[in-house]
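Spelled out from the first residue to the last, the chains are:
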Amino acid sequence: MRSHPLLGPCLAITAIMMVACLVRPSAAEPALARIEPPAAPQGASVDVKITGTELDGAAEVFFESGRITAAAPVTENDTSLTVRLTVPADCPPGPQRLRVRTADGLSQLRMFHVLPGEHLREREPNNGFEQAHALEPGRAVWGAVPNEDVDVFKVHLPAGGRIAAAVDAMRLDQQTLDPHLELVDAEGFVVAACDDHPLLAQDAVLAATVEKEGDYFLRVRESAYGGGNGLYVLHVGDFPVPHVAWPPGGAAGAVLEVEWFGDPAGPFRQQVTLPPPDGDGLARVRAVREGRTAVFPVPLRITAAPLAQAAEPDDQPEKAVPAQAPGAVAGRMDASDDVDWIRVAAPKGTKWKVTGWGRRLGSPIDLVIAAHRDNDKRERITSNDDTDGPDSVLQVTVPDEGAFLLRVNDFERRGGPDFIYWIDVEPIVPQVTVSVPPAQTKTQQRLVAAVPRGNRTALLFNAARTECSDPVRLEFPELPGGATALPAAIADPAPNCIVVFEAAVDAPTGTRVTPVRVVRGEGESTQQIGRLRQGTDLVFGEPNQTTYRTSVSDRIAVAVVEEAPATIEVAAPPTPIARRGTLELKVKVIRVEGYAGRVRLEMPFRPPGIGASSVEVKEADAEVTFPITCTADAPVREWQVALTATLVPEAEKKDKQPANRRAARGMVIASRPFALAVAEPLVEMTAAKAVVEQGAAVKLVYKAARPPTFSGTAKARLLGLPAKTEAPVLDLPAGADTLEVPITVAADAPPGKHDNLILRIEVPVGDAVMVHQSAATSLRIDKPLPPAVAAVGGPAP
């Protein structure tokens, strides 16, 4: 049955405008907002316009894969550049990771797409049937959707002719454009429509066979009639549109008889040689039907593990499908309320990771996996719904039975031939995976390293450990020429570490991507036990800046850029920092002549128990102190740390630009790594709470929790006193086990309980001072009792 014709967007409807995903990076980083055209066909050379911010002085358009070559960019102004790109004929279709390097920064990540065939530019105006842009099947067209815009394309089809169309919008990874696609006949009735898709998520796909010959119209709009001028690519032809395969995977190089599901024309079979996987364990395969190739690939899981296939009847524990550990299981929910049981045999006490794959394979299933004991009671061990994105991950320790059961179902108890899943059962082995956290959530700030020549920068690396508490170190084997990564280690219990990158004065500017190896041991016992897994968020939108698109890589981009107008040096701390103590680092800011900008100092890696806040260095200051604190339970050991400095943009005046335009952009530089040791306190004193009346005095008595271990005489000062109270600075001789601190309270001192009184003790250590602090205590100030009043008619008091 055909639907009623749509009347077009209604101006009375308030358009819901999705938030554009242009992320505001730190000022030194060029920001890429838009790439036009967003795609190019294989074997073509195209001129591309890139718009954004901080693009003046663009030196290189860099593709991480190295497949696409870019000529020297031509900068039009601070917000725009043009570049000629050449796509080789053998470049695989799909996204290519792109960045722009300027004189002093490396842009955030964007994607440029390679198409399997030619493409055209949308011709405006094309908002109605009379203005529709005529297309020949087998072509692609790219365009933009402003708010309340509807783009219309005309195709002529014979009776019984088939048409397929697919929109790349959100998957262009540039902006939040949630497309709606529909096929309309000449009378205005909707023949087919699509908003979301099991594999392509917010992007739309449709296919239909028409009954009558005639003109048909494809309409593209934002699903809520917003758009924000978002870009899209529309593919038109009669290509197949499956979204999931059965079986959904196998071993690389294996020849597999695949049945494709999801095309409205019905399932079909194809013999496929499975390619090697990408970094996420999946291979992307394009279905071919009657010589026509799909415009988007379907993911298949690639593994060499032995595979078992679930088969009915397996809806009771007694009929569970047997599987090996390690191994894999492929299955599907054939009908509503279907449940699959799988029995996994493994040695008692061994630990296994169970990973489900459903949505990531293009299946509509919302996978739920529960592990149960293989005994009469079938007690549940653990269960999971969506730890790894939309799919399930859980860990199981094999109980005494030497096996465990897996119960698999869809969260909403749905089913069908395309509700396909895959489960991996893998041993839990020592592993450390590292990643770089963004400096600000929902951004790409400081995910790459831009190293100024003759200077340094730094990145923070987080570590996710599995069954490994050993110290590990990071290696970067493919850095740009003249750049080095100074030795960096992650020691338990620290969850991260700082890596300082340094470039020689004569290092050539340029960009490379390098893998990151996580290794442990020394010499012949060196072993790689991990790598980088870097997720980069690309597209955000409503509600609440939800992340819609993320790209994952096992490599990180490092660039050598032009010199920075300042360097920083940190003096080695003369003493350790005591538990519950403080330490002031001495920092020199060395500016080149002509640069007078401010500098913001930070400590990105703070070892467990160490606290620090940013410090602003004014234009005239060359030497400052950077205070850090230490908790009472910080691990006693030595750490390698470093400070970073952001060159804060100079204030621009209305009548002129800053003296050094490049230096005004907020480059991030770093100090050399230095050792920071945490030590047990040389003196540790505590005091009970004190009570005093206004206008009186009291002694706060401190007692040593253990014998002091310093020599000489320390200075003790009480901090945190309320207003109109005083306490002198006292000497604390070595070996003293008590200290009485007299406190004078004025008659108008504020009454009440005053917490956080801390005794600061400056202990001499050689020519330096090691600052200790006591645990906090409190002082209560009471108002004096009023004088007694004689009772009326009674005796005198």
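Reading the values: rules and limits
- Residues numbered from 1 in each chain as written.
- Predicted model: local features only at pLDDT ≥ 70, side-chain atom pairs only at ≥ 80, totals over all residues.
- Heavy atoms only, no water.
- Helix = DSSP H or I, 4+ residues; strand = E, 2+ residues; numbered from the N terminus.
- Buried < 20%, exposed > 50% of the residue type's maximum accessible area, 1.4 Å probe, protein only.
- Contact = heavy atoms within 4.5 Å.
- Areas by Shrake-Rupley, 256 points an atom, 1.4 Å probe, with all protein chains shown as cover.
- Lys, Arg positive; Asp, Glu negative; His and termini not counted.
- Charge placed at Lys NZ, Arg CZ, Asp CG, Glu CD.
- 1 Å grid on protein atoms, 1.4 Å probe; cavity = no way out; pocket = protein on both sides within 12 Å on 5 of 7 lines; lining within 4 Å.
- Points joined across faces, edges and corners; volume = space filled by probe spheres on them.
- Nonpolar A, V, L, I, M, F, W, Y, C, P; charged D, E, K, R; others polar.
- Phe/Tyr/Trp six-rings, centres within 6.5 Å; stacked < 30°, edge-to-face > 60°.
- Salt bridge = Lys/Arg side-chain N within 4 Å of Asp/Glu carboxyl O.
- Pairing = 2+ DSSP bridges.
- Axes fitted to C-alpha atoms, helices over the stretch in contact; angles between N-to-C directions.
- Core = buried A, V, L, I, M, F, W, Y, C linked by side-chain atoms within 4.5 Å.
- pLDDT = per-residue confidence, 0-100.
- Disulfide = S-S within 2.5 Å.

1. Re the overall build of the protein chain
Each helix and strand counted, the protein chain has zero helices and 71 strands in total. Considering only C-alpha atoms, the protein chain reaches an extent of 115 × 85 × 80 Å along its principal axes. Across the 797 residues in the protein chain, those meeting the buried criterion constitute 51%. The long-range share in the protein chain, meaning contacts at least 24 apart out of those at least 6 apart in sequence, stands at 68%. When the accessible surface of the protein chain is summed, it comes to about 35000 Å², and 50% of that surface belongs to carbon and sulfur atoms. Across the protein chain, 81 positive and 101 negative side-chain charges occur, with their mean positions spaced 4 Å apart.

2. Digging into empty space enclosed by the protein
Enumeration over the complete set of coordinates arrives at three cavities of 30 Å³ or more. What lines the second largest cavity is Glu29, Arg99, Leu106, Ser107, Gln108, Gln444, Leu447, Val448 and Thr536. For the lining of the second largest cavity, the residue count by class is three nonpolar, four polar and two charged.

3. Observations regarding the packing of aromatic side chains
Within the structure shown, the criterion is met by five aromatic pairs. Summarising the aromatic geometry, the rings of Phe129 and Phe217 are spaced 4.1 Å apart at their centres and angled 10 degrees between planes, so their arrangement reads as stacked. On the criterion of sequence distance, the pair formed by Phe129 in the loop between strand E10 (119-121) and strand E11 (133-134) and Phe217 in strand E18 (residues 214-222) is long-range, its members being 88 residues apart. Judged by centre distance (5.2 Å) and plane angle (75 degrees), the ring pair of Phe476 and Phe501 falls under edge-to-face. Taken together, the positions of Phe476 in the loop between strand E41 (472-475) and strand E42 (483-485) and Phe501 in strand E44 (residues 496-503) put the pair 25 residues apart, joining distant regions of the chain. Each of the two residues, Phe476 as well as Phe501, counts as buried.

4. Some thoughts on the layout of surface pockets
Unfilled space is identified by rolling a water-sized probe across the atoms. Counted as a void, the second largest pocket has a volume near 480 Å³. As for the second largest pocket, its lining consists of 24 residues, of which Ala439, Arg446, Leu460, Glu602 and Pro604 are closest to the centre. Going through the elements one at a time, strand E40 (456-466), E44, strand E54 (599-602) and strand E59 (644-647) are the ones with two or more residues in the lining of the second largest pocket. Ranked by the residues each element gives to the lining of the second largest pocket, the list is headed by E40, at three residues. Tallied by class, residues from the lining of the second largest pocket come to 13 nonpolar, seven polar and four charged.

5. Here's the deal with the pattern of salt bridges
Taken as a whole and judged by the stated rule, the model has 51 salt bridges. A salt bridge links Arg453 to Glu563; the shortest N-O distance between them is 3.2 Å. Of this pair, Arg453 sits in the loop between strand E39 (449-452) and E40 while Glu563 is found in the loop between strand E50 (555-561) and strand E51 (566-570), placing the two residues 110 residues apart along the sequence. Exposure remark for Arg453: the relative accessible area of 22% places this residue in the partly exposed category. For the salt bridge of Glu616 with Arg598, the shortest nitrogen-to-oxygen distance reads 3.0 Å. With a gap of 18 residues between them, Glu616 in strand E56 (residues 615-617) and Arg598 in the loop between strand E53 (582-591) and E54 connect regions that are remote in the sequence. Accessibility expressed as a relative area gives 40% for Glu616, which makes it partly exposed.

6. What to know about the sheet that holds E40
Read across the open sheet, the four strands follow the order E38-E40-E44-E42; overall the sheet is antiparallel. The open sheet is flanked by strand E38 (431-435) and E42, the only strands paired with a single partner. If you compare each strand with its neighbour and ignore which way they point, the axes differ by 30 degrees on average. Direction of pairing for E42 relative to E44: antiparallel, over a ladder of three bridges.

7. Focus on the nonpolar core
The nonpolar side chains of a soluble globular protein tend to be buried with one another. Grouped together as the largest cluster of nonpolar side chains are 49 residues, with contacts concentrated most on Leu601, Phe626 and Leu643. With sequence-adjacent residues up to four places away left out, Phe626 is seen in contact with Leu583, Glu584, Leu585, Val587, Leu601, Glu602, Met603, Ala612, Ser613, Val615 and Leu643. Within the second largest apolar cluster, 29 residues are counted, among which are Leu447, Ala449, Val451 and Cys468.

8. Details of the environment of Gly402
Looking at the secondary structure, you find Gly402 in the loop between strand E35 (393-397) and strand E36 (403-410). Between the C-alpha atoms of Gly402 and Gln108, which are 294 residues apart in sequence, the distance is 50 Å. Non-local contacts of Gly402, meaning those with residues more than four positions away in its chain, are made with Ala345, Ala346 and Lys348.

9. Re the sheet that holds strand E68 (residues 738-745)
Reading across from one edge, E62-E64-E68-E66 is the order of the four strands in this open sheet, with antiparallel pairing throughout. Each edge of the open sheet is held by one strand with a lone partner, namely strand E62 (685-687) and strand E66 (725-726). Here two bridges tie E66 to E68, and the two strands are oriented antiparallel to one another. What sits directly across from Glu726, in E68, is Thr744.

10. With respect to the confidence of the model for the protein chain
Looking at the protein chain as a whole, its pLDDT mean stands at 91, while 93% of the residues score no less than 70. Within the model, the stretch residues 1-27 combines pLDDT values under 50 with 66 contacts to residues more than four positions away or in other chains. A low-confidence stretch, residues 652-664 stays under pLDDT 50, and its non-local contacts, those more than four residues away or across chains, total 22 contacts.

11. Examining the state of the cysteines
Applying the stated criterion to the full structure yields zero disulfides. Unpaired in this structure, Cys630 has its nearest cysteine sulfur neighbour in Cys497, at a distance of 19 Å.

12. What about unusual backbone geometry?
Between Glu36 and Pro37 the backbone carries a cis peptide bond, its omega angle lying at -10 degrees. Counting through the fold element by element, Pro37 comes out in the loop between strand E1 (31-36) and strand E2 (39-41). Asp492 connects to Pro493 through a cis peptide bond whose omega is 15 degrees. Along the chain, the position of Pro493 falls in the loop between strand E43 (489-490) and E44. Even without being a glycine, Tyr225 presents a positive backbone phi close to 60 degrees. On the accessibility criterion, Tyr225 (17% relative accessible area) is buried.

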